Amino acid sequence: MMITRRSTLTLLAAAGSLPALAACGPNASPGGEDGDGSTVRIYWWGGDLRNTLTRDALDLFAQSHEDITVTPEYSEWTGYWDKLATQFAGGDAPQVLQMDEAYIDSYGTRSSLLDLETVSDVLDLGAMDEAVLDTGRLADGTLVGAPLGVGIFSVGVNPTLLEQAGLDMPDDTGWTWDDFAEITGAVSAWAKEEGEDVVGLDFFGTSAAELGAWARQSGEQLFPREDETLISADTITAYLEYALALVDSGAAVGPSEQIEDFAAGVEQGRFGNNRAAFHFQFHTQVQTFQEASGSPLKLLRLPALTSGDPQMVNKASMYWSIAANAPDPEAAATLVDFLLRDPEAAKVLKIERGVTAFPELQSEIETVLDENEMVSLDFARDMQAEVVRPPLVTPASGVGFGDELSRLSEESLFGTRPPADVAEEILTVLTGMQPET
């Protein structure tokens, strides 16, 4: 990815004990009607493309694992976390579940997720890039999430719109945020003159991923390690002022339309139907936008505060986790191992969930990718020589930060409060969410 995430995060933060309750009681369902533990429930979120690819991979699994029956459960992002919290609270959690960076520490530290190294004889993660694998560990080193792949926060661009506007593709190796404001403003100015329903940028200024990148480029972090520095009020203010300037100049649409566009989703949103030239996203999401728009979209590095220093990072796109109370952990681990490491499954799943962190599988996947899909793989490969150390995963104490940031930063975008005042409150909220040391 989020606008609709707000209510979900608030619910989860308010009901933070739900996963803990589940960890204290037995799982209500043994996994299958016959109670032999050979049925594995798997639950994931995503769009139609992910749903289709996942079910195809599960069909492939069934052909070679007749002793394990898989029961799929699917949801869009908006309802996923509410349902998962309820399932854990009721002792009826799925055995295999898709987990996000914002929640893994929250569920993991409440002992709701299995230590995957206890099933390492079945789930072999030894060949995974170690730096990526470590993003699935808790602070105490317990491995509770197997990363599905790498996602890199980046800029999607529609070359066709730039060409129509008479603009050249920017040089992303050295562009700055000022350069970005200039080109997005130029697109919007062209569209206004020509009477086109197009804008330079669809939305900016309310995302934790954006603020996290802005912090890294300032030498700071949202949730710093001991050798790192917490983001300052000045840095937050600069981010909010920049977002407001994009709106004031017309480079980005106003806050009301930003909210509507975000909630509209890929197919109805501006970038997905060729009405915005630029869009911030984790890089593999470009495939979904390519499919929706029918346009040859490309990926660019983030603009930088200092030219040539975008501070790009590998982020675990998401994880497969296993419920701590899974009645048959080995069956669950067998399924996860298949989805992560089987070459034929990799060819089915491709890179929709991220570029696999198993290097040998990238070559397998490449044989079945089309030109649009190669955009994601090539970008990830190119960036590996530049990425810096990834930030810590969001701690359990910070699970609601994205929600609070959206709420507060919208007050700045709407002009109801000065950016500096909003920044001080954001920093107060963030400081209160720092994990205890």
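Here the structure is shown first, and the text comes after it.
Below is a summary of the structure that appears in this document. The numbering scheme is per chain: residues are counted from 1 as the chain's sequence reads. Per-residue local features of the predicted model are confined to residues with pLDDT of at least 70, and side-chain atom pairs are confined, for both listing and counting, to 80 or more; whole-chain, interface and lining totals are unaffected and use all residues. Processing note: side-chain calculations cover all non-hydrogen atoms of the structure and skip hydrogens and water entirely.

### Side note on the overall build of the protein chain
Put simply, DSSP marks the helices as runs of H or I at least four residues long and the strands as runs of E at least two long, and each gets a number from the N terminus on. Helix and strand content of the protein chain: 18 helices and 11 strands. Only C-alpha atoms enter the radius of gyration, while the globule expectation follows 2.2 Å times N to the 0.38, with N the number of residues. Expected size for 437 residues packed as a compact globule is a radius of gyration near 22 Å; at 22 Å, the protein chain falls within 12% of this value. With the C-alpha coordinates of the protein chain rotated into their principal frame, the extents come out at 65 × 45 × 35 Å. In the structure as shown, the protein chain presents an accessible area of about 17,300 Å², 49% of it carried by carbon and sulfur atoms. Each charge class in the protein chain was averaged separately, 24 positive and 72 negative side chains, and the resulting centres sit 2 Å apart. Only the protein chains shown count as cover for residues, with accessible areas throughout obtained via the Shrake-Rupley method and a probe of 1.4 Å. By the counting rule applied here, Lys and Arg register as positive and Asp and Glu as negative, while His and the ends of each chain are not counted. Positions of charges follow a simple convention, taking NZ of Lys, CZ of Arg, CG of Asp or CD of Glu.

### Some remarks on the environment of Leu-246
Turning to its location among the elements, Leu-246 is positioned in helix H10 (residues 233-249). Residue burial is assigned from relative accessible area. The probe radius is 1.4 Å, only protein chains are included, and a residue is buried under 20% of its type maximum, exposed over 50%, and partly exposed in between. A relative accessible area of 3% means that Leu-246 is categorised as buried. Considered as a pair, Leu-246 and Arg-301 are 55 residues apart in the sequence and their alpha carbons are 19 Å apart. If we skip the residues at most four places from it in the chain, Leu-246 touches Ala-181, Thr-184, Leu-201, Phe-204, Ala-251 and Ala-252. By the convention used here, residues are in contact when the closest approach between their heavy atoms is within 4.5 Å.

### Some thoughts on the sheet that holds strand S9 (residues 298-300)
Within a sheet, each strand pairs with its neighbour through backbone hydrogen bonds, oriented either parallel or antiparallel. Overall, mixed pairing links the 4 strands, which are arranged S7-S8-S6-S9 in an open sheet. Strand pairing shows two members of the sheet lacking a second neighbour, strand S7 (199-201) and S9, which therefore form its edges. Pairwise comparison of adjacent strand axes, ignoring direction, gives a mean angle of 30° for this sheet. In this scheme, strands are said to pair when DSSP sees at least two bridges between them. Where strand S6 (residues 153-157) lies against S9, 3 bridges are found, and the strand directions are antiparallel. Its bridge partner lying in S9, Val-155 is registered against Leu-300. Lines fitted to the C-alpha atoms define the axes, with helices restricted to the stretch that makes contact. Angles between their N-to-C directions range from 0 to 180 degrees. Relative to S7, helix H8 (residues 177-194) is tilted by about 160°, and along the sheet it contacts S6, S7 and strand S8 (276-282).

### Here we look at the packing of aromatic side chains
Whether two aromatic rings pair depends on their centres lying within 6.5 Å, for rings of Phe, Tyr and Trp, where Trp uses its six-membered ring; planes under 30 degrees apart make the pair stacked, over 60 edge-to-face, and the rest tilted. Following the criterion strictly, the structure yields 30 aromatic pairs and no others. Note on Phe-153 and Phe-282: the rings are 5.3 Å apart at their centroids and 55° apart in plane angle, and the pair reads as tilted. Pair noted here: Phe-153 is in strand S6 and Phe-282 is in strand S8, with a separation of 129 residues, a long-range link. Summarising the burial analysis for this pair, Phe-153 and Phe-282 share the class buried. Here the aromatic rings of Phe-203 and Phe-262 are separated by 4.6 Å at their centres, their planes lie at 45°, and the arrangement is tilted. Highlighted residues: Phe-203 in the loop between S7 and helix H9 (208-217) and Phe-262 in helix H11 (residues 255-268), separated in sequence by 59 residues.

### Focus on unusual backbone geometry
Even without being glycine, Asn-274 reaches a positive phi, approximately 65°. In this fold, Asn-274 is placed in the loop between H11 and S8. Residue classification places Asn-274 among the partly exposed positions, given a relative accessible area of 24%.

### A look at the pairing of strand S3 (residues 96-99)
The alternating pattern of S3 places Val-96 and Gln-98 and Leu-97 and Met-99 on opposite faces, both of which are buried. Alignment of strand S1 (residues 39-45) against S3, held across 2 bridges, turns out to be parallel. Across the sheet, the residue bridging to Tyr-43 is Leu-97, located in S3.

### A few points about the sheet that holds S3
Within the open sheet, the 5 strands sit side by side as S2-S1-S3-S11-S4. Their pairing is mixed. The strands lining the two open edges of the sheet, one partner per strand, are strand S2 (69-75) and strand S4 (146-147). In this sheet, strand S11 (residues 319-322) lies alongside S4 in antiparallel orientation, the contact comprising 2 bridges. For Ala-146, the partnering residue across the bridge sits in S11 and is Trp-320. Across the sheet, helix H4 (residues 77-89) lies against S1, S2 and S3, angled at about 140° from S1, the strand it touches most.

### Regarding the pattern of salt bridges
Each salt bridge in this description consists of a side-chain nitrogen of Lys or Arg and a carboxyl oxygen of Asp or Glu lying within 4 Å of one another. Applying the stated criterion across every chain yields a total of 23 salt bridges. Put simply, Arg-407 and Glu-411 hold a salt bridge, and the shortest N to O gap is 3.9 Å. You can see Arg-407 and its partner Glu-411 sitting in helix H17 (residues 401-413), 4 residues apart, about one turn around the helix. Residue class for Glu-411 comes out partly exposed when judged on its relative accessible area of 21%.

### Things to note about the environment of Ala-331
Counting through the fold element by element, Ala-331 comes out in helix H13 (residues 329-341). On the accessibility criterion, Ala-331 (5% relative accessible area) is buried. Along the backbone, Ala-331 and Asp-67 are 264 residues apart, and their C-alpha atoms lie at a distance of 9.2 Å.

### A closer look at helix H18 (residues 419-432)
One fewer than the residue count of a helix, multiplied by 1.5 Å, yields its expected span. Helix length check: H18 (14 residues) gives 20 Å between terminal C-alpha atoms against 20 Å at 1.5 Å per residue, within 8%. Those residues of H18 not exposed but buried are Pro-419, Val-422, Ala-423, Ile-426, Leu-427, Val-429 and Leu-430. Looking straight down H18, one finds its buried side chains confined to an arc of 160°; they lie on one side. Turned more than 90 degrees from where H18 packs its buried face, Thr-428 and Gly-432 sit exposed. This arc corresponds to the set of directions leading from the helix axis out to the C-beta atoms.

### Let's talk about the side chain of Glu-228
With respect to the element layout, Glu-228 can be found in the loop between H9 and H10. The term polar contact refers here to a pair of N or O atoms within 3.5 Å; inside protein, the definition further demands a hydrogen-donor-capable atom paired with an acceptor-capable atom, and it admits residues adjacent in sequence only when both atoms are side-chain atoms. Within the structure, Glu-228 has its side chain in polar contact with the backbone nitrogen of Arg-225 (distance 2.9 Å). Side-chain polar atoms of Glu-228 contact the side chain of Arg-389, separated by 3.0 Å. Other than its neighbours up to four places away in sequence, Glu-228 contacts Gln-221, Phe-223 and Arg-389.

Keep in mind that these numbers describe shape and distance, not what the molecule does.
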